[in-house]
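Take a look at the letters that make up each chain.
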Amino acid sequence: MTTPVIQRYEKTAKLSRVVVHQGTAYLSGLTAADKSVGIKGQTEQILARADALLASIGSNKSQLLYVQIWLKDISDFDAMNEVWLDWIDADAPPARATVQSSMALPEILIEVQIVAAV
Amino acid sequence: MTTPVIQRYEKTAKLSRVVVHQGTAYLSGLTAADKSVGIKGQTEQILARADALLASIGSNKSQLLYVQIWLKDISDFDAMNEVWLDWIDADAPPARATVQSSMALPEILIEVQIVAAV
Amino acid sequence: MTTPVIQRYEKTAKLSRVVVHQGTAYLSGLTAADKSVGIKGQTEQILARADALLASIGSNKSQLLYVQIWLKDISDFDAMNEVWLDWIDADAPPARATVQSSMALPEILIEVQIVAAV
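Summarised in this report is the structure supplied together with it. Only a predicted model underlies this, so the values are computations on that prediction, with no experimental measurement involved.

This part is about the relation of the copies chain A and chain C. Once chain A has been moved 0.0 Å along the axis and rotated by 120°, it coincides with chain C to within an RMSD of 0.0 Å. Put plainly, the chains are arranged around a three-fold axis. Within chain A, A:S101 has its C-alpha nearest the rotation axis, a separation of 3.6 Å. Taken together, the interface assignments show that only 4% of the residues at the interface of chain A recur at the interface of chain C, consistent with different surfaces on the two copies.

Next up, the structure:
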């Protein structure tokens with residue numbers, strides 16, 4: 001038995017922001033750095049962060065496979081989607097699911113977890 | 001670096017219902033078309049939709065890898081499971097997790113997200 | 001078209017505890033066997049169970065790709081993390097996301113779902 005080849009990027013004590021295995025990248029849940037802003041601002045920050053993380057591994061938003069979105073308040077669904085539609089590659093949208101959950105801090109309005117191809 | 005081969009099916013403005021990469025299919029979260037019915041009816045609709053989506057990519061329920069289930073009310077767990085047990089291939093059950101979350105519309109009682117082999 | 005090779009371990013009527021496809025293992029959501037204990041005890045039980053399940057397929061915690069954690073009460077975040085930090089391979093942390101959800105039984109304080117390389 002051989003050991004799988006796994007690449008890890010931006011490791012913290014608790015987690016790796018990105019883990020790559022056999023051409024598939026698993027990103028940790030992303031939240032906005034500036035949590036003082038509303039749902040649109042937090043979504044924009046997260047998607048910009050996703051762009052940067054994907055670029056760092058030679059991927060990009062046209063290679064998204066699955067995106068999991070958690071909203072603290074599901075009534076933010078339409079506002080989140082406006083930012084989402086501005087961002088995604090319209091020719092290459094990922095599979096997606098959005099549900100309501102509270103996150104680690106009360107000021108987190110949205111968290112996004114991405115699986116992408118590399 | 002070569003671009004990964006990714007197939008997308010049933011694209012909408014926001015998402016693809018199915019994304020396939022390297023023999024693994026990621027489905028978007030599925031909800032019932034007719035949301036006026038109860039948990040059993042919604043579950044039946046979703047699993048029938050899953051059958052159709054899987055068939056469209058040459059897969060089927062015996063090739064499920066992981067199924068994520070969200071229930072609006074976790075007390076629907078047993079009723080959902082009755083429909084689930086009638087549906088799954090008993091020789092080939094997937095890994096599964098079920099938790100409670102609210103979904104995009106208040107009348108959505110269950111949402112299901114599937115990862116399958118193709 | 002060939003049928004994908006899928007291995008399933010610890011099958012119950014409803015699910016497989018572990019499903020392996022193309023070098024990737026999907027584990028079902030894990031909960032503590034003894035649910036009478038608090039968040040730390042439940043987390044310890046789950047992570048010990050993960051160790052055993054991973055060992056049974058020739059994997060281990062240094063090969064984790066993605067870990068999804070649900071907490072019944074997100075205020076248990078720090079206590080969960082203490083146990084998590086004691087457990088993980090500090091050189092090989094997975095991608096991770098933690099959100100709040102209720103689980104199938106009210107005494108379940110934490111559920112953990114794992115994707116790992118084999």
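If you look at the interface, chain B gives 23 residues, while chain C gives 24 residues. For the side of chain B that touches chain C, the elements supplying multiple residues, two or more each, are β4 (64-71), α2 (77-87), β5 (95-100) and β6 (110-117) of chain B. Taken together, the residues of the side of chain B that touches chain C break down into 15 nonpolar, 7 polar and 1 charged.

Moving on: the interface of chain A and chain C. Chain A puts 24 residues into the contact, and the matching count from chain C is 23 residues. Of all the secondary-structure elements, those providing two or more residues to the side of chain A that touches chain C are β1 (6-11), β2 (16-21), β3 (24-27) and β6 (110-117) of chain A. Per-element accounting of the side of chain A that touches chain C gives the leading share, 4 residues, to β2(A). Looking at the side of chain A that touches chain C, its residues break down into 12 nonpolar, 8 polar and 4 charged.

In the superposition of chain B on chain C (RMSD 0.0 Å, axial shift 0.0 Å), the rotation amounts to 120°. A different interface surface on each copy is seen, since only 4% of the contact residues of chain B are contact residues in chain C too.

Below, the discussion takes up the sheet that holds strand β1 (residues 6-11) of chain C. Residues and elements named next belong to chain C. Taken in spatial order, the 6 strands line up as β1-β2-β3-β6-β4-β5 in an open sheet, and their pairing is mixed. Each of the sheet's edge strands pairs with one partner strand only, and the pair in question is β1 and β5 (95-100). Neighbour-to-neighbour, the strand axes of the sheet open up by a mean angle of 10°, direction not taken into account. Relative to the sheet, helix α1 (residues 39-56) contacts β1, β2 (16-21), β3 (24-27) and β6 (110-117), its axis offset from that of β6 by approximately 25°.

We now examine unusual backbone geometry. All names here are of chain A. With phi around 55°, E10 is a residue other than glycine that occupies positive phi space. As for its position among the elements, E10 is in strand β1. A count of 13 C-beta atoms within 10 Å places E10 in the partly exposed class. Located in the positive-phi region is Q22, a residue other than glycine, with phi close to 50°.

Residue and element names in this part refer to chain C. The pairing of β1 with β2 spans 5 bridges and is antiparallel. Across the sheet, residue Y9 finds its bridge partner in β2, namely V18. The turn linking β1 back onto β2 is made up of 4 residues.

Attention now moves to the packing of helix α1 (residues 39-56) of chain B against α2(B). All names here are of chain B. At their nearest, the axes of α1 and α2 sit 8 Å apart, and the two run at 35° to each other. Crossing geometry of α1 relative to α2 is assigned as right-handed. On the side of α1, the interface is formed by I39, K40, T43, E44 and L47, while α2 contributes A79, M80, E82, V83, W84 and W87. Split by residue class, the contact of α1 with α2 holds 7 nonpolar, 1 polar and 3 charged.

Quick look at the pairing of β3(A) now. Residues and elements named next belong to chain A. Burial along β3 is two-sided: the face carrying T24 and Y26 and the face carrying A25 and L27 are both buried. Here β2 pairs with β3 via 4 bridges, running antiparallel. Each residue of the ladder has a partner; that of V18, found in β3, is L27. In this antiparallel pair of consecutive strands, β2 and β3, the connection spans 2 residues, and Q22 shows a positive phi of 50°. With 3 bridges joining them, β3 and β6 adopt antiparallel strand pairing.

Here we come to helix α1 (residues 39-56) of chain A. Residue pairs spaced three or four apart in an α-helix point in one direction, given the helix's 3.6 residues per turn. All names here are of chain A. Between its terminal C-alpha atoms α1 stretches 26 Å, which fits the 26 Å expected from 18 residues at 1.5 Å a residue. Residues I39, Q42, T43, I46, L47, A50, L53 and L54 constitute the buried set of α1. Down the axis of α1, the buried set is contained in an arc of 130°. They therefore lie on one face. Every exposed residue of α1 that faces more than 90 degrees away from the buried side is listed here: A52, A55 and S56. Looking at the buried positions of α1, the neighbouring elements they touch are β2, β3, α2 (77-87) and β6. Just downstream of α1, G58 is the residue with a positive phi angle, here 80°.

A few words now on the environment of C:G58. Residue and element names in this part refer to chain C. Here G58 is to be found in the loop between α1 and β4 (64-71). Taking the number of C-beta atoms within 10 Å as the measure of exposure, G58 has 11 and is therefore exposed. Placed 35 residues apart in sequence, G58 and G23 show a C-alpha to C-alpha distance of 11 Å.

Attention now goes to the sheet that holds β3(A). Residues and elements named next belong to chain A. Strand order in this open sheet of 6 strands is β1-β2-β3-β6-β4-β5, and the pairing throughout is mixed. With partners counted over all chains shown, the strands left at the sheet margins are β1 and β5 (95-100), one partner each. Neighbour-to-neighbour, the strand axes of the sheet open up by a mean angle of 10°, direction not taken into account. The strands touched by α1 are β1, β2, β3 and β6; relative to β6, the strand with the most contacts, the crossing angle is about 25°.

Conventions we followed
- Residues numbered from 1 in each chain as written.
- Chains lettered and ligands numbered in written order.
- Predicted model: local features only at pLDDT ≥ 70, side-chain atom pairs only at ≥ 80, totals over all residues.
- Least-squares fit on C-alpha atoms with pLDDT ≥ 70 in both.
- Contact = placed C-beta atoms within 7 Å.
- Helix = DSSP H or I, 4+ residues; strand = E, 2+ residues; numbered from the N terminus.
- Nonpolar A, V, L, I, M, F, W, Y, C, P; charged D, E, K, R; others polar.
- Pairing = 2+ DSSP bridges.
- Axes fitted to C-alpha atoms, helices over the stretch in contact; angles between N-to-C directions.
- Buried ≥ 20, exposed ≤ 12 C-beta atoms within 10 Å, placed from the backbone.
- Left-handed = near helix turned anticlockwise from the far one by under 90°.
- Expected span 1.5 Å × (residues − 1).
- Arc of directions from axis to C-beta.

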